[in-house]
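A structural walkthrough
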Amino acid sequence: AQSVTQPDIHITVSEGASLELRCNYSYGATPYLFWYVQSPGQGLQLLLKYFSGDTLVQGIKGFEAEFKRSQSSFNLRKPSVHWSDAAEYFCAVVENYGQNFVFGPGTRLSVLP
Amino acid sequence: DAEITQSPRHKITETGRQVTLACHQTWNHNNMFWYRQDLGHGLRLIHYSYGVQDTNKGEVSDGYSVSRSNTEDLPLTLESAASSQTSVYFCASSPSRQGLYEQYFGPGTRLTVT
């Protein structure tokens, strides 16, 4: 069965610092990968997605992610974090070429002023 | 604008009671999903539907049921609420079965079972 791991439960960065959130997956074929963000008390919003092609994908709010097949990773990055980026971030993979997402446990991001 | 809504947003119920959480989407999406979110587990799939009259069990379906009588709605029923079902519940929808489209999420329902 597919699985998604996010090794960091909680990360704290200073505003203006760079950010990298890690995501690793286990899946035999080429996966479809997603990053979602959840602000406190809100639903999930899609940041970006990878289906095929260029392994560096750009998303909303200045985020990007890089798919590395050799490392089974899809890490999320942002060059300069804003206080409004404080939220929970979820990595997800689609299994069986269907619509059933498998989510990672999430990484909570705190931003220091 | 098209959207996905959930009601109620907060619910407190007693152990053993039947509870139904509503989910309504106006995108005319074929696929709809219910998840529960618990600390340390991320989102786990409860039930899903690929169309009217189609329902399927997800990873954590015990104690839950769904029915799909139209495209817009997928209500989630807890037949006999248990304290272990205290959680935040999210409904989602997507337009295709081909795995190429993201899921759109509702705002969530916080359920407390006392």
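Everything here concerns the structure above.
Values in this document were obtained by computation on a predicted structure and should not be read as measured data.

With that settled, consider the interface of chain B and chain A. If you look at the interface, chain B gives 25 residues, while chain A gives 21 residues. Interface area, chain B with chain A, both sides summed: about 1,700 Å², of which 51% is carbon and sulfur. Counting every contact that joins chain B to chain A gives one salt bridge. Two residues, Lys49 of chain A and Glu102 of chain B, come together in a salt bridge whose shortest N-O distance is 2.7 Å. Applying the counting criterion to the chain B and chain A interface returns three residue pairs in polar contact (both at pLDDT 80 or more). Of all the elements, strand β5 (residues 42-51) of chain B adds the most residues to the side of chain B that touches chain A, at five residues. Split by residue class, the side of chain B that touches chain A holds 11 nonpolar, 11 polar and three charged.

So, on to unusual backbone geometry. With an omega dihedral of -10°, the bond running from Ser7 of chain B to Pro8 of chain B counts as a cis peptide bond. When you line up the elements, Pro8 of chain B lands in the loop between β1 (4-7) and β2 (10-13). In this model, Lys61 of chain A sits at a positive phi of 60°, which is unusual for a non-glycine residue. For Ser72 of chain A, which is not a glycine, the phi torsion comes out positive at approximately 50°. Position of Ser72 of chain A relative to the elements: it lies in the loop between β8 (64-68) and β9 (73-78). A residue is classified by how much of its surface remains accessible, and Ser72 of chain A, at 25% relative accessible area, is partly exposed.

All names here are of chain B. Evaluated as defined, the whole model comprises two disulfides over all chains. The disulfide that involves Cys23 links it to Cys91, with 1.8 Å between the sulfurs. With the S-S bond torsion at -70°, the cross-link from Cys23 to Cys91 turns out left-handed. Of this pair, Cys23 sits in strand β3 (residues 19-25) while Cys91 sits in strand β9 (residues 87-94); the two residues are 68 residues apart in sequence, bridging distant segments of the chain.

Before going further, it helps to spend a moment on the pattern of salt bridges. Inspection of every chain in the model, using the stated rule, returns eight salt bridges over all chains. The salt bridge partner of Arg17 of chain B is Glu14 of chain B, with a shortest N-O separation of 3.4 Å. The class for Glu14 of chain B is partly exposed, based on a relative accessible area of 44%. Here the salt bridges share partners, and the residues they tie into one network are Glu64, Glu66 and Arg77 of chain A.

So, about the sheet that holds strand β8 (residues 76-78) of chain B. Residues and elements named next belong to chain B. The four strands are arranged β1-β3-β8-β7 in an open sheet whose pairing can be described as antiparallel. With partners counted over all chains shown, the strands left at the sheet margins are β1 and β7 (64-66), one partner each. Going across the sheet, the axis of each strand differs from the next one's by a mean of 20°, ignoring polarity.

A complete count under the given rule lists 20 aromatic pairs over all chains for this structure. When the ring of Tyr50 of chain A is compared with that of Phe74 of chain A, the centres are 6.4 Å apart and the planes differ by 45°; the resulting orientation is tilted. Of this pair, Tyr50 of chain A sits in strand β6 (residues 44-50) while Phe74 of chain A is found in strand β9, placing the two residues 24 residues apart along the sequence. One exposure class covers both Tyr50 of chain A and Phe74 of chain A, and it is buried. Every member of this aromatic cluster is reached through a ring pair, and the members are Tyr32, Phe34, Tyr36, Phe51, Phe101 and Phe103 of chain A together with Phe33, Tyr35, Tyr48, Tyr50 and Phe105 of chain B.

Right, let's get into the pairing of strand β5 (residues 32-38) of chain A. Residue and element names in this part refer to chain A. The buried fraction of β5 amounts to seven of the seven residues, a majority that puts the element mostly inside the structure. Where burial is concerned, the two faces of β5 agree: the one with Tyr32, Phe34, Tyr36 and Gln38 and the one with Leu33, Trp35 and Val37 are both buried. Inspection of the sheet shows β5 paired to β6 by six bridges, in the antiparallel sense. Looking at the pairing, Val37 lines up with Gln45 of β6. The loop that links β5 with its antiparallel partner β6 comprises five residues; one of these, Gly41, has a positive phi angle of about 75°.

What counts and how
- Residues numbered from 1 in each chain as written.
- Chains lettered and ligands numbered in written order.
- Predicted model: local features only at pLDDT ≥ 70, side-chain atom pairs only at ≥ 80, totals over all residues.
- Heavy atoms only, no water.
- Contact = heavy atoms within 4.5 Å.
- Buried area = accessible area lost by both parts, 1.4 Å probe.
- Salt bridge = Lys/Arg side-chain N within 4 Å of Asp/Glu carboxyl O.
- Polar contact = N/O pair within 3.5 Å; in protein donor to acceptor, adjacent residues only side chain to side chain.
- Helix = DSSP H or I, 4+ residues; strand = E, 2+ residues; numbered from the N terminus.
- Nonpolar A, V, L, I, M, F, W, Y, C, P; charged D, E, K, R; others polar.
- Buried < 20%, exposed > 50% of the residue type's maximum accessible area, 1.4 Å probe, protein only.
- Disulfide = S-S within 2.5 Å.
- Pairing = 2+ DSSP bridges.
- Axes fitted to C-alpha atoms, helices over the stretch in contact; angles between N-to-C directions.
- Phe/Tyr/Trp six-rings, centres within 6.5 Å; stacked < 30°, edge-to-face > 60°.

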